[in-house]
Amino acid sequence: MKEQAHSPWSNRSFPEAAKDLLADSQIRRNVRHATNVIQAKRNRVVGELPDWEQLRDAGAAIRAHALKHLDHYLAQFEENCTRAGGHIHWARDAAEANRIILELIQRHAAKEVIKIKTMTSEEIGLNRNLQANGIQPHETDLAELIIQLGRDKPSHFVVPALHKNRQQVREIFQREMHLPDLGGQPEDLASAARTYLREKYLRIKVAVSGANFLVAENGAVCIVESEGNGRMCLTLPDVLISLVGIEKVLPRYRDLEVFLQTLPRSATGERMNPYNSIWTGVHAGDGPKEFHVVLLDNGRSPILADDESRQTLQCIRCAACLNACPVYHQTGGHAYESVYPGPIGAILTPQLHSMHEGRSLPYASSLCGACYEVCPVKINIPEVLIHLRGKVVQQDQKTLSGKLGLWNIGMQAAAFLFADASRLSLAQHLGQIGQKVVVSKNGFIEHLPLMLSGWTQTRDLRPLPAQSFRDWWEQREKTQQTPIATAPTSSDKTQEKKHAG
Amino acid sequence: MPDSQVARDAILSSIRTALRAPAGVDTAAIASEYAALPRLYKREGTMDPAALLDLFTHRLVEYDAGVYRTSAENIGSEVARILSERGRRRIAIPDGLPPEWLPDGFDFQRASRFGEHQLDQLEGVLTGCTVACAETGSIVLQNAAAQGPRSLTLVPDYHLCVVFAAQVLETVPECFARLDADAALPTTFFSGPSATADIEMTRIKGVHGPRFLDVLLVV
């Protein structure tokens, strides 16, 4: 197997990458428009279901249960899929998955494959690996086709080309499909894709897909899609290879009744997406003669060990959290420098890499909780974000530069002070004296020094009051008659009003 | 030991370690835990039959499908009328389609004789279905009599689907309850003609699946 080209994702931190994207007004307009449209549609069709919260509860419980017994359900899926004529392969990491898929394709001497949009293939860099080995993958999802032909990278995992508008798509198609007269309406563009790909569906004999769900009880695989490109890839070729993360398994067939309600409504704001395909193994006279499932670990199993962040793997990739996130709204997906962007990406990416990559992502959030509110499987993303921030800090404390860094020293000092009443009181008194150098003429702190300066970039702080609450309380205890009206906060309020005016 | 076996054992043991799972699987305990999962969502429909069919019709029309109603004895003549209006004559049909659905004057071709290339040359396909969901406007096809293999309803550009009122259920869970018995059959849910929203989130009809859909509702 030849070495593949480098990943398109750089190792820039979120703030670095976001800075560039915030300067791109075209991308920001496109992202804002698309996310606003999806969110409005999502809210409308979710609002229609009086039992939405019960569906979320059931979805979360089923996914959590499946993860808790993942070894059992995976073994059950393997047994039942094999019995139905499928072949199961296990891949510990990206390299192993790439090798398995390449060997399967080479065994059939195929030079081209057709693909349904799959995040896992993006995760393992499958296209780059196939191309390095002389095999041309053709993306068939309209958005993935736009990305592939435009040599771009996905920015959203339901609508990967969400950052492109119709004019930009038209330019890509005109150039890459040699259609100089192509019209600019979405219908023209879809029709061009139909003609471009139909020939490939009818000719190419190997397809690669992902999967939305695996069913343990009967070995079924379920794929949810819109365009029919999925159905083409699942039924016309002789060989189908599905690359699926190990976490995707559901216990029973009827569990789909929950997720086929919550997924379409959350993902594209539709009551049901145009097509769902469910099949088990191979079926004589219908679909591929050979069916392979590659079960991919690639950093997932260790996540199960952490009771607080295991819920990350409940994700069904609807991307509702991206559309709801005020940070994603501003930056779009590329700022996350990861296959999985947005709030779920911010918790999934660093964990898939044992917290060695994407370490700035747990901070790429205001913790507003919009992601948790829309999540159809109730992943408490803010809770996991905070948990992972803690892990980043713990990791840093293990290095010398981290230990001696200003942040660590500052935080350790704060922890020391807050741990004891007399220390805190002493610190407050020292602060009252020391703050004199930073308090401006208007009575506010407008600029804090060093690493604290970021905090005062967009806000002024009130100085520590002359009398702290503790001092006031102590005095009150002594005299037992201080009326509430003289509490030290009243003078502060006047000052705030004056400042605001 | 082959590579795949090594990888399998490594992944399963990594999962068991991470879960701190005891050796040996207690399937009875897992089953009872599964049975106790909360399922308080709506499972049974509550609508009366007329309202149910109206909702189903409304949903399909919203997807831009044509919807027509007829009685069981008039299926053949309605099929003739709809196909004539659409100007489609060479129509693929699956095995097991009732002969009385097939009016004279059309070129109905049994699909089991064709490959995909020939299907691509036909002007449409006529099938029945297994079940339908009113709440979502979805129709479910399985590889069974009068429905055929999956490619049959995928490659032609036009689909005329006959749905009986008794096949229309209100909720998604009701549909799964009915599908459960034949869950191993290749199964396709379709909701309207093929569509995408990949360009600026506008729903555009017609990408790779049939771009035109008519539903004949038999009441």
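Rules behind the numbers
Residues numbered from 1 in each chain as written. Chains lettered and ligands numbered in written order. Predicted model: local features only at pLDDT ≥ 70, side-chain atom pairs only at ≥ 80, totals over all residues. Helix = DSSP H or I, 4+ residues; strand = E, 2+ residues; numbered from the N terminus. Rg over C-alpha atoms; globule rule 2.2 N^0.38 Å. Contact = placed C-beta atoms within 7 Å. Pairing = 2+ DSSP bridges. Axes fitted to C-alpha atoms, helices over the stretch in contact; angles between N-to-C directions. Nonpolar A, V, L, I, M, F, W, Y, C, P; charged D, E, K, R; others polar. Core = buried A, V, L, I, M, F, W, Y, C linked by C-beta atoms within 7 Å. Buried ≥ 20, exposed ≤ 12 C-beta atoms within 10 Å, placed from the backbone. Expected span 1.5 Å × (residues − 1). Arc of directions from axis to C-beta.

A count of helices and strands for chain B gives 6 helices and 12 strands. Taking 2.2 N^0.38 as the reference for a compact globule, 219 residues should give roughly 17 Å; the C-alpha atoms of chain B span a radius of gyration of 22 Å, well beyond that estimate. Taken over the C-alpha atoms alone, chain B extends approximately 70 × 45 × 40 Å along its principal axes. Within chain B, contacts between residues separated by at least 24 positions form 71% of all contacts whose residues are at least 6 apart in sequence.

The next subject is the sheet that holds strand S7 (residues 158-164) of chain B. Residue and element names in this part refer to chain B. Within the open sheet, the 6 strands sit side by side as S1-S12-S7-S4-S2-S3. Their pairing is parallel. Edge strands, defined here as strands with exactly one partner in the open sheet, are strand S1 (66-70) and strand S3 (107-110). When the angles between neighbouring strand axes are averaged without regard to direction, this sheet yields 25°. Here strand S2 (residues 90-93) pairs with S3 via 4 bridges, running parallel. Residue pairing across strands places Ala92 opposite Gln109, the latter belonging to S3. Where helix H4 (residues 75-86) meets the sheet, it contacts S1, S2, strand S4 (124-127), S7 and strand S12 (212-218), and its direction lies at approximately 160° from that of S12.

The next point concerns the interface of chain B and chain A. Listed per partner, the contact involves 61 residues of chain B and 79 residues of chain A. Among the secondary structure elements, those contributing two or more residues to the side of chain B that touches chain A are helix H1 (3-19), helix H2 (27-35), helix H5 (116-121), helix H6 (172-179), strand S9 (187-190) and strand S10 (195-196) of chain B. At 11 residues, H1 of chain B tops the list of elements feeding residues into the side of chain B that touches chain A. Partitioned by chemical class, the residues of the side of chain B that touches chain A number 31 nonpolar, 18 polar and 12 charged. One ladder, built from 4 bridges, connects strand S9 (residues 275-280) of chain A with S9 of chain B; its direction is antiparallel. Looking at S9 of chain B, one finds that Ile278 of chain A is bridged to Thr187 of chain B.

Further remarks concern the sheet that holds strand S6 (residues 220-225) of chain A. Ordered by their spatial adjacency, 8 strands build an open sheet running S8(A)-S5(A)-S6(A)-S9(A)-S9(B)-S6(B)-S5(B)-S8(B), and the pairing between neighbours is mixed. Taken across any chain shown, the strands that pair with only one partner, and hence form the sheet edges, are strand S8 (249-250) of chain A together with strand S8 (168-169) of chain B.

What follows is about the nonpolar core. Grouped burial of nonpolar side chains is what soluble globular proteins tend to show. Ranked by size, the top nonpolar core spans 181 residues in total, and within it Ile101, Val294 and Cys321 of chain A carry the most contacts. Dropping the residues within four chain positions of it, Cys321 of chain A is found in contact with Gly342, Pro343, Ile344, Cys371, Val374, Cys375 and Ile381 of chain A.

The next subject is H1 of chain B. Residues and elements named next belong to chain B. Counted at 1.5 Å a residue, the expected span for H1 with its 17 residues is 24 Å, and the 24 Å between its end C-alpha atoms agrees. Taken as a whole, H1 has its buried residues at Ala7, Arg8, Ile11, Leu12 and Ile15. The arc that holds every buried residue of H1, seen down its axis, measures 120°, which confines them to one face. Along H1, the residues that are exposed and aim more than 90 degrees away from the buried face are Asp3, Gln5, Val6 and Asp9. After H1 finishes, the residue Arg20 shows a positive phi value of roughly 50°.

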